[in-house]
Amino acid sequence: MTPMTQADPAVADALPETNPFARPWELDLELPDFGAVSPADIEPAVRAGMAAQRAQWEAIATNPAAPTVENTVAAVERSGELLSRALTVLYALTSATDSPELDTLEEALAPDLAAHEDAYSLDARIYRRFKTLDEQVRAAAQATPARTPVDADGQAIDAETARYIRLAVEEFERDGVALTGPDADRLRAINARLTALSTRFATLTTKAMHAAGVANFTATPALATTAAHAERVALLNRSLGRGLSGEHDTRALVLEEAGLRAERARLLGYPHHAAVVAAESAARTSQAVNELLTRLVPPAMANARHDAETYAARMAADPATQPGESFGPADWPRYEEAERKDSFGVDDATLAPYLELNNVVERGVFYAASRLYGISFHERPDLAAHMYAPDVRVWEVRDGEGDDAPLLGLFVGDYYAREGKHGGAWMDSLVEQSHLTGRRPVVINCLNLTKPETGPTLLSWDNVITAFHEFGHALHGLFADTRWPSASGTNVPRDVVEFPSQVNEKWALHPQVIASYARHVDTGAPLPQSLAEKLRSQGAFGQGYATTEYLGAALLDQAWHTLEPQEVPDDVTAVEAFEHAALADAGIDDALVPPRYRTTYFAHVFGGGYAAAYYAYIWSEVMDADTTEWFRTDGEGGRGGDLGLNRRAGERFRREFLSRGDSRDPLVSYRAYRGRDPEIAPLLQRRGLNWIVASPVDAPHG
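Bear in mind the structure is a predicted one, so any value in this text is a computation, not a measurement.

J.: Give a detailed account of the nonpolar core, specifying residues and quantitative values.
T.: Ranked by size, the top nonpolar core spans 138 residues in total, and within it Tyr517, Trp560 and Phe653 carry the most contacts. In terms of residues, this core owes the most to one element, helix α11 (residues 286–317), which gives eleven residues. When sequence neighbours within four positions are dropped, the list of residues in contact with Phe653 reads Tyr373, Phe499, Val503, Thr627, Trp630, Phe631, Leu658 and Tyr673. Counting 43 residues, the second largest nonpolar core, distinct from the first, contains Val46, Leu87, Ala96 and Ile444.

J.: Residues and numbers for unusual backbone geometry, please.
T.: The residue after Thr144, namely Pro145, is reached through a cis peptide bond having omega -5 degrees. One can find Pro145 in the loop between α5 (124–142) and α6 (159–175). Even without glycine at this site, Leu29 takes up a positive phi of about 55 degrees. Residue placement: Leu29 occurs in the segment before α1 (39–61). Of note, Ala612 is a non-glycine position whose phi angle comes to about 65 degrees, a positive value.

J.: Lay out the pairing of strand β4 (residues 426–431) with the relevant residues and their values.
T.: For β4, the tally of buried residues reaches five of six residues, placing the bulk of the element in the interior. In the sheet, β4 pairs with strand β5 (residues 442–449) via five bridges, with the strands oriented antiparallel. Note on β5: the bridge partner recorded for Val431 is Val442.

J.: Any chance you could break down helix α12 (residues 332–344) for me, citing the residues and the numbers?
T.: For α12, built from 13 residues, the straight-helix expectation of 18 Å at 1.5 Å per residue is met to within 8% by its first-to-last C-alpha distance of 18 Å. Looking at the packing, one finds that the buried side of α12 touches α8 (229–240), α11, α13 (348–351), α20 (529–536) and α21 (543–561). Following α12 by one or two positions, Gly345 has its phi on the positive side, about 75 degrees.

Thresholds, definitions, all that
Residues numbered from 1 in each chain as written. Predicted model: local features only at pLDDT ≥ 70, side-chain atom pairs only at ≥ 80, totals over all residues. Heavy atoms only, no water. Core = buried A, V, L, I, M, F, W, Y, C linked by side-chain atoms within 4.5 Å. Buried < 20%, exposed > 50% of the residue type's maximum accessible area, 1.4 Å probe, protein only. Helix = DSSP H or I, 4+ residues; strand = E, 2+ residues; numbered from the N terminus. Contact = heavy atoms within 4.5 Å. Pairing = 2+ DSSP bridges. Expected span 1.5 Å × (residues − 1).

Just distances and angles here, no functional claims.
This is the structure in structure tokens:
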């Protein structure tokens with residue numbers, strides 16, 4: 001299908017022709033032309049986009065014709081072109097640039113955007129159209145013999161569309177379409193307020209991170225290189241203290257968000273917010289989530305305590321340790337790194353000269369993808385010139401070798417930290433793939449590397465893993481091959497979305513991949529084979545701390561979001577006490593291992609889309625570890641215990657899972673290449689928890 005390039009008639013009179021958002025972008029694959037946009041263009045485009053989409057929804061709702069795939073499903077999916085263009089640019093700029101004016105605009109628009117979303121999700125007329133289609137699908141399935149469902153136009157409803165319709169019905173019902181009167185009014189008010197609070201939280205945590213000079217998460221990397229214990233303690237305290245006082249205090253936001261989410265869950269007929277989230281996820285129940293998390297805590301904490309004894313002894317023997325100083329969480333990164341160096345002969349200082357950014361990206365991340373999936377990359381500096389910062393890069397991704405291979409999509413790399421940029425790393429879709437619209441994907445990876453004033457950019461090993469991880473998300477988007485935009489790429493359940501990215505991390509250590517990218521920045525010499533082997537031999541080293549700090553954050557998320565309305569504290573001074581009690585109840589000693597994110601800077605949960613869903617990383621890792629075993633043993637070419645880097649396995653994984661998005665149940669896609677449901681044993685072995693007795697029921701089942 002030819003991509004839509006003409007101006008949308010629904011917005012032709014709503015936005016001046018001089019506004020760059022008035023028509024689709026003219027750059028290749030409709031890459032947003034950030035260089036053509038001024039801040040003043042964005043708000044009119046967003047507001048015109050909301051008005052246009054509301055008109056489109058009204059036309060669908062009032063259509064006198066019987067509902068069909070074309071006049072209901074396709075019409076909904078085609079709506080909102082202008083709004084999507086405008087919000088894509090707004091969110092890209094507020095997350096990756098220093099734009100106080102747009103930060104303010106994003107906060108101001110938040111309640112109106114929430115009301116806009118409610119106008120759709122609470123529209124009983126559109127819901128009934130989907131419900132009618134769903135009943136037709138179900139009736140056909142229950143007929144004897146079963147028959148192919150058709151709509152009122154006599155058009156067959158294929159399996160992908162039938163799934164879309166069923167999920168839409170479930171989402172309408174979960175979002176409260178049945179509510180009326182004061183309950184519906186209260187739901188709208190809650191949604192608007194929550195959107196405003198979460199936007200404000202994200203802004204404050206970004207400012208707090210930059211003000212404190214720390215990383216997004218608790219254990220900032222500088223702890224490993226700071227020599228004096230007192231300085232390490234001060235640095236950790238700055239990190240832990242974010243959001244607890246002053247102009248960046250987020251505690252009141254946290255309490256209000258937790259209370260409103262609990263109230264909304266009650267309105268929707270759920271016991272708490274975590275139950276709402278689980279119902280739309282692969283986990284299905286919050287009980288299943290908590291059983292997995294709490295089961296992992298005792299062995300993880302035991303491993304952490306064992307490691308702490310080792311590092312405390314190292315610290316006591318360190319000449320830099322002063323009388324009266326004792327080992328604590330501020331010291332963990334430094335002495336773990338020292339233990340790693342002694343045990344395996346590798347540390348960041350040793351590795352960094354071999355880990356230059358461009359080599360890691362082009363000769364590592366891209367190389368592995370080319371070997372597995374047969375794709376090629378061609379840099380486009382002409383397109384990069386239209387991005388929002390001069391160091392952002394753009395590549396064409398082609399489905400095969402050579403300039404004549406079919407164009408698959410565009411990949412954008414924004415690797416450097418800058419003032420105002422959110423912490424951490426992420427992937428986003430600038431253009432969604434869809435056969436309905438004829439669009440091909442445009443995806444972006446954002447990291448936060450420190451750009452040197454001169455010379456090459458050298459990475460830590462964690463940076464390398466992050467680059468591979470985020471590109472796994474990018475592949476999920478680039479390989480999308482679905483009809484409906486909202487089922488494309490990474491638009492899958494939250495506890496499945498991390499799975500492809502976690503699998504992609506594993507290629508960083510593959511012998512052929514590391515030999516390709518790990519080259520000395522001055523001499524070009526490859527990383528010595530002995531060092532590469534030592535990297536691979538580390539196994540579960542460090543997993544006591546890593547697993548425990550992650551579980552601490554995931555359990556905090558669940559603790560806040562399994563509260564009933566009356567259980568939410570009403571005093572900001574109670575936030576720290578609640579946090580400590582929740583971790584202690586779960587068996588985590590936060591005085592030894594603080595959570596990866598404390599409540600007051602937990603942007604995933606209180607400023608993003610992971611509320612009650614931070615467990616997704618470990619849930620997805622069950623599938624990841626099991627799939628890594630498949631690549632190693634059964635993946636059509638994995639031999640002798642090596643991770644199989646071969647096209648046959650890659651193509652099967654791409655065809656059966658990565659390309660499918662949410663066009664079919666992800667567990668069905670998993671079984672299609674793996675041959676069975678995921679099992680937990682490989683994860684337990686990876687994280688050094690394999691003395692737990694594993695059983696199939698412990699693994700994620702849809």
